[in-house]
Protein chains: 8
Amino acid sequence: MRQGFPEVVFCQGKTVDQVVKIVQNLAQCNNNILASRATPEMFQAVKEIVPDAQYIEIAKMIVVEREKKKSGTERFILVMTAGTSDMPVAEEAAVTAEVMGNSVRRVYDVGVAGIHRLLAQHEILQAANVIIVVAGMEGALASVVGGMVAKPVIAVPTSVGYGANFGGLSALLSMLNSCAAGVAVVNIDNGFGAGRLASIINQMR
Amino acid sequence: MRQGFPEVVFCQGKTVDQVVKIVQNLAQCNNNILASRATPEMFQAVKEIVPDAQYIEIAKMIVVEREKKKSGTERFILVMTAGTSDMPVAEEAAVTAEVMGNSVRRVYDVGVAGIHRLLAQHEILQAANVIIVVAGMEGALASVVGGMVAKPVIAVPTSVGYGANFGGLSALLSMLNSCAAGVAVVNIDNGFGAGRLASIINQMR
Amino acid sequence: MRQGFPEVVFCQGKTVDQVVKIVQNLAQCNNNILASRATPEMFQAVKEIVPDAQYIEIAKMIVVEREKKKSGTERFILVMTAGTSDMPVAEEAAVTAEVMGNSVRRVYDVGVAGIHRLLAQHEILQAANVIIVVAGMEGALASVVGGMVAKPVIAVPTSVGYGANFGGLSALLSMLNSCAAGVAVVNIDNGFGAGRLASIINQMR
Amino acid sequence: MRQGFPEVVFCQGKTVDQVVKIVQNLAQCNNNILASRATPEMFQAVKEIVPDAQYIEIAKMIVVEREKKKSGTERFILVMTAGTSDMPVAEEAAVTAEVMGNSVRRVYDVGVAGIHRLLAQHEILQAANVIIVVAGMEGALASVVGGMVAKPVIAVPTSVGYGANFGGLSALLSMLNSCAAGVAVVNIDNGFGAGRLASIINQMR
Amino acid sequence: MRQGFPEVVFCQGKTVDQVVKIVQNLAQCNNNILASRATPEMFQAVKEIVPDAQYIEIAKMIVVEREKKKSGTERFILVMTAGTSDMPVAEEAAVTAEVMGNSVRRVYDVGVAGIHRLLAQHEILQAANVIIVVAGMEGALASVVGGMVAKPVIAVPTSVGYGANFGGLSALLSMLNSCAAGVAVVNIDNGFGAGRLASIINQMR
Amino acid sequence: MRQGFPEVVFCQGKTVDQVVKIVQNLAQCNNNILASRATPEMFQAVKEIVPDAQYIEIAKMIVVEREKKKSGTERFILVMTAGTSDMPVAEEAAVTAEVMGNSVRRVYDVGVAGIHRLLAQHEILQAANVIIVVAGMEGALASVVGGMVAKPVIAVPTSVGYGANFGGLSALLSMLNSCAAGVAVVNIDNGFGAGRLASIINQMR
Amino acid sequence: MRQGFPEVVFCQGKTVDQVVKIVQNLAQCNNNILASRATPEMFQAVKEIVPDAQYIEIAKMIVVEREKKKSGTERFILVMTAGTSDMPVAEEAAVTAEVMGNSVRRVYDVGVAGIHRLLAQHEILQAANVIIVVAGMEGALASVVGGMVAKPVIAVPTSVGYGANFGGLSALLSMLNSCAAGVAVVNIDNGFGAGRLASIINQMR
Amino acid sequence: MRQGFPEVVFCQGKTVDQVVKIVQNLAQCNNNILASRATPEMFQAVKEIVPDAQYIEIAKMIVVEREKKKSGTERFILVMTAGTSDMPVAEEAAVTAEVMGNSVRRVYDVGVAGIHRLLAQHEILQAANVIIVVAGMEGALASVVGGMVAKPVIAVPTSVGYGANFGGLSALLSMLNSCAAGVAVVNIDNGFGAGRLASIINQMR
Ligand SMILES: Nc1ncnc2c1ncn2[C@@H]1O[C@H](COP(=O)(O)O)[C@@H](O)[C@H]1O
Ligand SMILES: Nc1ncnc2c1ncn2[C@@H]1O[C@H](COP(=O)(O)O)[C@@H](O)[C@H]1O
Ligand SMILES: Nc1ncnc2c1ncn2[C@@H]1O[C@H](COP(=O)(O)O)[C@@H](O)[C@H]1O
Ligand SMILES: Nc1ncnc2c1ncn2[C@@H]1O[C@H](COP(=O)(O)O)[C@@H](O)[C@H]1O
Ligand SMILES: [Mg+2]
Ligand SMILES: [Mg+2]
Ligand SMILES: [Mg+2]
Ligand SMILES: [Mg+2]
Ligand SMILES: [Mg+2]
Ligand SMILES: [Mg+2]
Ligand SMILES: [Mg+2]
Ligand SMILES: [Mg+2]
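Residues numbered from 1 in each chain as written. Chains lettered and ligands numbered in written order. Predicted model: local features only at pLDDT ≥ 70, side-chain atom pairs only at ≥ 80, totals over all residues. Heavy atoms only, no water.

J.: Mind laying out the coordination of the magnesium ion (ligand 10), listing which residues take part and the relevant values?
T.: Within the protein, the atoms that donate to the magnesium ion (ligand 10) are Gly146(F) (O) and Val149(F) (O), at distances of 2.1 to 2.5 Å. Residue classification places Val149(F) among the buried residues on the basis of a relative accessible area of 3%. (Donors = N, O, S within 2.8 Å, 3.2 Å for Na, K, Ca; no water. Buried < 20%, exposed > 50% of the residue type's maximum accessible area, 1.4 Å probe, protein only.)

J.: Requested: an account of the site of ligand 3, with residues and values cited.
T.: Around ligand 3 sit Val8(F), Val9(F), Phe10(F), Lys14(F), Ser36(F), Arg37(F), Glu92(F), Asn190(F), Phe192(F), Ala181(G) and Tyr162(H), and those are all the residues in its vicinity. Mapping the residues near ligand 3 onto chains gives chains F, G and H. A distance of 3.3 Å separates an oxygen atom of ligand 3 from a polar atom in the backbone of Phe10(F). Within the side chain of Glu92(F), one N or O atom sits 3.1 Å away from a nitrogen atom of ligand 3. For ligand 3, whose accessible area on its own is 500 Å², the fraction buried by protein is 73%. No other element matches strand E1 (residues 7–10) of chain F, which puts 3 residues into the shell around ligand 3. Per-class residue counts for the shell around ligand 3 are 6 nonpolar, 2 polar and 3 charged. (Near = heavy atom within 4 Å. Polar contact = N/O pair within 3.5 Å; in protein donor to acceptor, adjacent residues only side chain to side chain. Areas by Shrake-Rupley, 256 points an atom, 1.4 Å probe, with all protein chains shown as cover. Helix = DSSP H or I, 4+ residues; strand = E, 2+ residues; numbered from the N terminus. Nonpolar A, V, L, I, M, F, W, Y, C, P; charged D, E, K, R; others polar.)

J.: Account for the interface of chain F and chain G, naming residues and giving values.
T.: At the junction of the two partners, chain F supplies 27 residues and chain G supplies 27 residues. Across the chain F/chain G interface, buried area totals approximately 2,200 Å², and carbon plus sulfur atoms make up 67% of it. At the boundary of chain F and chain G, one finds 0 salt bridges. Linking chain F to chain G there are 3 residue pairs in polar contact (both at pLDDT 80 or more). Contributions of two or more residues to the side of chain F that touches chain G are made by helix H6 (141–148), helix H7 (169–176), strand E9 (183–185) and helix H8 (191–202) of chain F. Each residue belonging to the side of chain F that touches chain G can be placed in one class, and the counts come to 16 nonpolar, 6 polar and 5 charged. (Contact = heavy atoms within 4.5 Å. Buried area = accessible area lost by both parts, 1.4 Å probe. Salt bridge = Lys/Arg side-chain N within 4 Å of Asp/Glu carboxyl O.)

J.: Which residues make up the packing of helix H3 (residues 87–99) of chain D against helix H8 (residues 191–202) of chain D, and what values go with them?
T.: Residues and elements named next belong to chain D. Packing of H3 against H8 leaves a shortest axis separation of 7 Å and a crossing angle of 35°. The interaxial crossing formed by H3 with H8 has right-handed handedness. Counted together, Val-89, Glu-92, Ala-93, Thr-96 and Ala-97 of H3 and Gly-191, Phe-192, Gly-195 and Arg-196 of H8 form the full contact between these two elements. Here the residues of the contact of H3 with H8 sort into 4 nonpolar, 3 polar and 2 charged. (Axes fitted to C-alpha atoms, helices over the stretch in contact; angles between N-to-C directions. Left-handed = near helix turned anticlockwise from the far one by under 90°.)

J.: Describe the site of ligand 1, naming the residues involved and giving the relevant values.
T.: Taken together, Val8(A), Val9(A), Phe10(A), Lys14(A), Ser36(A), Arg37(A), Glu92(A), Asn190(A), Phe192(A) and Tyr162(G) make up all the residues around ligand 1. This site is not confined to one chain, since residues near ligand 1 come from chains A and G. Between ligand 1 and Phe10(A) there is a distance of 3.3 Å, counted from an oxygen atom to a backbone nitrogen or oxygen. Between Tyr162(G) and ligand 1, the recorded distance is 2.5 Å, taken from a side-chain N or O atom to a nitrogen atom. Examining the composition of the shell around ligand 1, we find that 3 residues originate from one element, strand E1 (residues 7–10) of chain A, more than from any other. Tallied by class, residues from the shell around ligand 1 come to 5 nonpolar, 2 polar and 3 charged.

J.: Explain the pairing of strand E8 (residues 153–157) of chain B to me, using residue names and the numbers behind them.
T.: Residue and element names in this part refer to chain B. Of all 5 residues in E8, 5 are buried, a share of seventy percent or more. Side-chain alternation along E8 places Val-153, Ala-155 and Pro-157 on one buried face and Ile-154 and Val-156 on a second face that is also buried. Handedness of the strand E7 (residues 130–135)-helix H6 (residues 141–148)-E8 crossover: right-handed. Two elements, E8 and strand E9 (residues 183–185), share 3 bridges in a ladder whose sense is parallel. Its bridge partner being in E9, Ala-155 is matched across the sheet by Val-185. (Right-handed = clockwise from strand over helix to strand, strands pointing away. Pairing = 2+ DSSP bridges.)

J.: Can you tell me about the relation of the copies chain F and chain G, naming the residues and giving the values?
T.: Copies of the same chain, two in number, are related to each other by a rotation about an axis and a translation along it. Expressed as a screw transformation, the operator carrying chain F onto chain G has a rotation angle of 180° and an axial translation of 0.1 Å, and the superposed copies differ by an RMSD of 0.1 Å. On the angle and the small slide along the axis, the relation comes out as a two-fold axis. Take the interface residues of chain F: 100% of them recur as interface residues in chain G, which is what a same-surface contact looks like. (Least-squares fit on C-alpha atoms with pLDDT ≥ 70 in both.)

J.: Mind laying out the sheet that holds strand E2 (residues 32–36) of chain G, listing which residues take part and the relevant values?
T.: Backbone hydrogen bonds are what pair the strands of a sheet, in a parallel or an antiparallel way. Residue and element names in this part refer to chain G. On the basis of which strands lie adjacent, the open sheet formed by 4 strands has the order E1-E2-E4-E3 and mixed pairing. The sheet is open, and its two edges are formed by strand E1 (7–10) and strand E3 (54–56), each paired on a single side. With strand direction ignored, the average angle separating the axes of adjacent strands in the sheet is 20°.

J.: Go over the relation of the copies chain E and chain F with me, naming the residues and quoting the values.
T.: Once chain E is rotated about the relating axis by 180° and shifted along it by 0.0 Å, it coincides with chain F to within an RMSD of 0.0 Å. Take the interface residues of chain E: 100% of them recur as interface residues in chain F, which is what a same-surface contact looks like.

J.: Residue-level account of the pairing of E1(G), with values.
T.: Residues and elements named next belong to chain G. Bridge count for E1 against E2 is 4 bridges, and the pairing is parallel. From the neighbouring strand, Glu-7 faces E2, where its bridge partner is Ile-33. Following the chain from E1 across helix H1 (residues 16–29) to the adjacent parallel E2, one finds a crossover that is right-handed.

J.: Go over the pattern of salt bridges, please, and point to the residues and values.
T.: Counted according to the given criterion, the structure contains 44 salt bridges over all chains. The residue Arg106(D) makes a salt bridge to Glu98(D) at a minimum N-O spacing of 3.0 Å. Taking the relative accessible area as the measure of exposure, Arg106(D) reaches 33% and is therefore partly exposed. With its nearest N and O atoms 2.7 Å apart, the salt bridge here joins Glu91(H) to Arg106(H).

J.: Go over the sheet that holds strand E4 (residues 61–65) of chain H, please, and point to the residues and values.
T.: Residue and element names in this part refer to chain H. If you trace the 4 strands from one edge of the open sheet to the other, you get E1-E2-E4-E3, paired in mixed fashion. A strand with exactly one partner marks an edge of an open sheet, and here the two such strands are strand E1 (7–10) and strand E3 (54–56). Geometrically, the sheet is characterised by an average inter-axis angle of 20° between neighbouring strands, direction not taken into account. Of the pairings in the sheet, the one linking E3 to E4 comprises 3 bridges and is antiparallel in character.

Have a look at this one:
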């Protein structure tokens, strides 16, 4: 295990049995465990073996956190979403970053179609150390935020939308073509990856 | 010819000879002619036959305008671009609308990566009757503008960009997935189509 | 809220609980509310809290309409479909426009494979102020209609079809490449967006 | 060689030398030869060896026709185009069919954005035995024609257009999704294939 | 109704009620009716209203055939498939052609990976008047058959396969790029369209 | 260097200077060198430094072969093409295999649209040890060959074709979806990769 | 049947009845049968007719193996996976190769994000005769393995992943573009095809 | 101008005149200027006006650097490439980071097909503060590097390759699907964006 980070299990595409067995093994020699894309059924089965496991439903994550990492609040990661439907992905990012010992603040539902909502967040944007922008549909939030700050912006396209969003492709292409410098992109719906990278950057000294 | 509009020739994919012949025929019974996607060579050849033809280089358009349509300035079409590279497409739209008898105003290079540039245009945005938004790369300008006004916004994706913009696809998908209502989209680089539609809307009573 | 328009909720991808809570909040300070892509279950739950809510099943819309907007009939929006399967999308557009205070007329199942059906509608086409064309498969109706009138045509591609329609892509590309000027396109199945834009145009003075 | 048809050479992607050598060989034992996608240079080189070769420039075809096939005119193939830019592909089809012994009639520039132009051709449409429809952009002509007749319609999408036509993809998908039965499609710009198939059908007894 | 053909209903995407109502209406003034993509439930509901309706399960078709069209056997349509999984689409084509008054013969499961199976059918291939080739996966059968005969070949790509077949795209592109002349293509899984076109060609005189 | 193989330089995207410098370096400590995708200019520049370099024009390859590897003829690699335009890619494969010490035999222009041409090669097909199939357009040759033999078939899709071949995509998808087992695929136009893999397999003991 | 190989049934897209009937027929004249993509239900039904049939659940394969093929262990096929989720596809390959008389060894979960896991397998990589690499997501394992050995590497992209993996497309493109020579690719999730080809190569003499 | 960074001009798609005018304006009030995607002609024209401008040919960048930013070497950015053809993009990133005041070290041509080349760089990988990975073809280098370190990895896909790399799409999808956490991606060939983001991260305190 890399120093200071919990072990991570990606549950999607695994059976309940497989998840239980993997978590059980990890629990024997790790203080902290994170399981992403976990169903409630997986959690129930894990809890019987690892009673101190917790479930964050909206993020679909199982967390075992025996050794709490302390995190100052002055250096925080800001997680933003364009809409409320992007929240599950945003929470996957936020929980990941928190369990990895970061202070996280959330600003949700500030999509660009109501630019005043975003502008009202100017202060917290300037105070943040790293920013995660989660957006589906046309994913324009990443460009606007990227232009407002001179800090690392990690853009997470989501599959939220319909029709010509083609499962998140529209937001993905938007973010890759962002005219704002300082923006990098992770896979569609990959909240975990964004949280992990934000944590690495936030903990650089 | 539909009442009040010039005849329009789409020159791309035609030979110089074909263009000359078509314009020559039209010039015999029309007062106003518009030719889009015309090369300087085409213009030279046309000018020899129709001496009062004019060439707007940046828009790549040949204009014959014998009967000037009067246009009040109180009802104007606003043409906006995200970057300076989007100007040729924007001018195709603007010239089209002007020749069709509309008053046009231009606000260029106000892309969302510098949102203050856009916000500084608040007044003209509210004053406009119809808005044409021309943008390449991530095409986010259409969503932000669409959210600031309650008027028809015609979005023109451009092929400006590189890499994962795939010839304008990124801006096109962005604009189609705009979370702002009141936005409709025309083909990539289709300045003419946007200008024509804006003119129709602007002249409704 | 923008003057004169109802608040709009996009229900797809939200839980019943989320929809109820949002509608409940809106109902406290708004006279008119529109919820699109709502399931019957969502409606049942909303109705318990907001008893004057109504459900238009084919459009999958919940409507709360306390302050009826008056709409003259001389300026009407025409909603057309190519086939009967395009009706749900067309009704989303029509209901949206009606609730926003427009007079709407419907001409359904006039696809281009039986061109006489369309030609028989010549009169109403000429009388309309704005036209919404809803079509799946090859989406050719937008081009034919666009060529018959000199008014704004809003084209809505639908995902109706199979095989190489690729979830609405065929109709979308058709409409974007329309050889008729005056046509603009919204997202696949986006009846709401078309209705909203048509309303804005129809209410211009 | 199949009885009654000329030998056919596809020149694209071949060198002038290769084309000359192939035509020379064929000319020794065939009366009729057809070479498609041939450049003027190829024709010059071929002509020195096969002096009775002819070049149809717009179709980019070299024809050697020593044994004229007689063709009645009562059973004719109708070749239609939506625009003038589709003519090279249409002529490839028409010349192919003629050299194979069919009577061919042409109706060009009758795209659906001016439906009256098409309706004016009603008589010849009903008189034709097989119809080839050549169209780019949104390719809607195939559907409208297919709905007007109960005869075989061969649709040829062309790469004419720009932006979201993606090299002919828009017209191809349109034609494949045609809501008119009786329509089948060949490759983008494949005039030869359409002409050959039309000839086979036209000569069935 | 076009002379001599039954009325056709496309059931996919319609409710049971809608199908029943349409068939009921047609049954009052037509002798023959064909409904494609019909579920067993649709058939049960239709049968209660139109007792002489029949269901061909593998083709998912409802047939009402009161006035049997006579068809000689000397001029027959040959329907071929590459695999057994292509049979539902092939039967949609075959039943369509039969109900429209054609003699049909079937040769199934002769895919090119066992070329001897195809070569063994040489005689029937030469005897056929029109050939429908139904194939998924790489769709190579159309090219091989197209090269063996000088008759119209209608290729139907199917969505049979997995992985990089992308829902029938692989077979579709194969068939469109066929190096054999005389082959034209209909939409993925469109057995009806192929049967209808084959019938038109087969009944030409 | 892996035992027994020449060093390989991929010239595409390199400058003449870069290629010369790389070859010069390699020539000092290697007996055999292979450079693929080399232009005639690159060869001229290389020849001045390495006078015993040879150029195989059709394969666009520079070969330095000081230590001839002996190759029995009983175990040979068969390189086949569907058309003559596929020859450059086929020769890249063939030359690669020969320089790597294999006996190679060529059977060109045996595409499936004339299946008798392929069947006439039955004997050599059965005698070969490994088979490379090079084909563009619909790429059907790989499936037919794969079904005729129980040996490794390496399929090379080529970009030969036009329209819906999309730069080799049609042949690539065809070959990946081959219904014949025993077929594997390399990148579009990757003759070198196919030759190298065939050599590895052919030299297994 | 080709000498020495079992008959193979591809069950996906077939009904239980169809599978039973096919297996029953084969069982009458074959000693060994392999059925891939079989559901447990299919196995239960087959077992009633062919009692000596066995089911390998993870590979979803039914095996009838009456005449065990002997396989030395010195020449073995190595099957590798990047993650545990790739195991079903890997087992399809492994079981196929075993039933065809090969010795198979497995090295699972050695993806490149932990390169030490892969390097620890150096010895078995060098000892293997043919290598099958099964990987989803970015599919990078094939390139790394291909660079470590001079033996045939058969790469199987899997549909494991989410978002921009587009059902296996990311791994497929990665593997086709592998910068390591000696790698060839089969269809997404096509474990059977890889096992079959590996067997052919492994049994060459 | 954001504190401490030079003004940046993106020259692609601009005329020589436009570039000269923009640089001239910037030079009047800025000490440092960076122009990317500049041709040698653009540089010549700029140099006449701004004599202290320099041209870094391989990176295609014009640099005006009057106020040298001091950069310690202990905190450095590591720029890596898979092949030599990726160098232009890598140098765009490196020069950008250097001009923005960072210490940069380069490790080129360490693609994964020769994994030992990469492993030999273990020490510098661990010493780096931020890592930029530039790779075309299958882009696997990002995943392997991402797994070796716990620092921010910025992946830049390049358009280097041919065939199924589709202009950089293969590397892009690979990198987005990286199984290593801590990796984020910028647009194809976007060296500037990567250099800018790396600079921001490297200068965080
Ligand atoms: N939501 C996620 N998206 C992408 N990767 C993830 C996610 N959650 C966990 N992972 C990665 O998946 C790996 C676990 O894979 P596994 O061995 O299959 O459990 C961990 O190393 C994580 O880096
Ligand atoms: N399987 C099918 N695929 C495509 N079109 C069909 C199919 N079956 C029927 N149709 C067509 O669909 C039309 C009936 O559409 P509808 O009016 O919606 O019942 C008929 O004109 C047929 O040409
Ligand atoms: N036509 C080709 N296609 C793909 N790879 C090639 C080709 N020719 C050579 N190569 C590979 O490119 C590598 C040489 O790359 P480089 O170091 O850039 O010269 C060699 O290891 C070969 O495996
Ligand atoms: N290679 C590049 N790729 C993407 N963006 C760039 C590149 N070089 C410069 N830029 C951005 O382009 C903007 C300059 O655009 P312009 O105003 O058109 O000169 C700057 O703000 C940079 O952030
Ligand atoms: Mg920024
Ligand atoms: Mg608005
Ligand atoms: Mg119009
Ligand atoms: Mg018809
Ligand atoms: Mg034929
Ligand atoms: Mg085989
Ligand atoms: Mg290797
Ligand atoms: Mg890492």
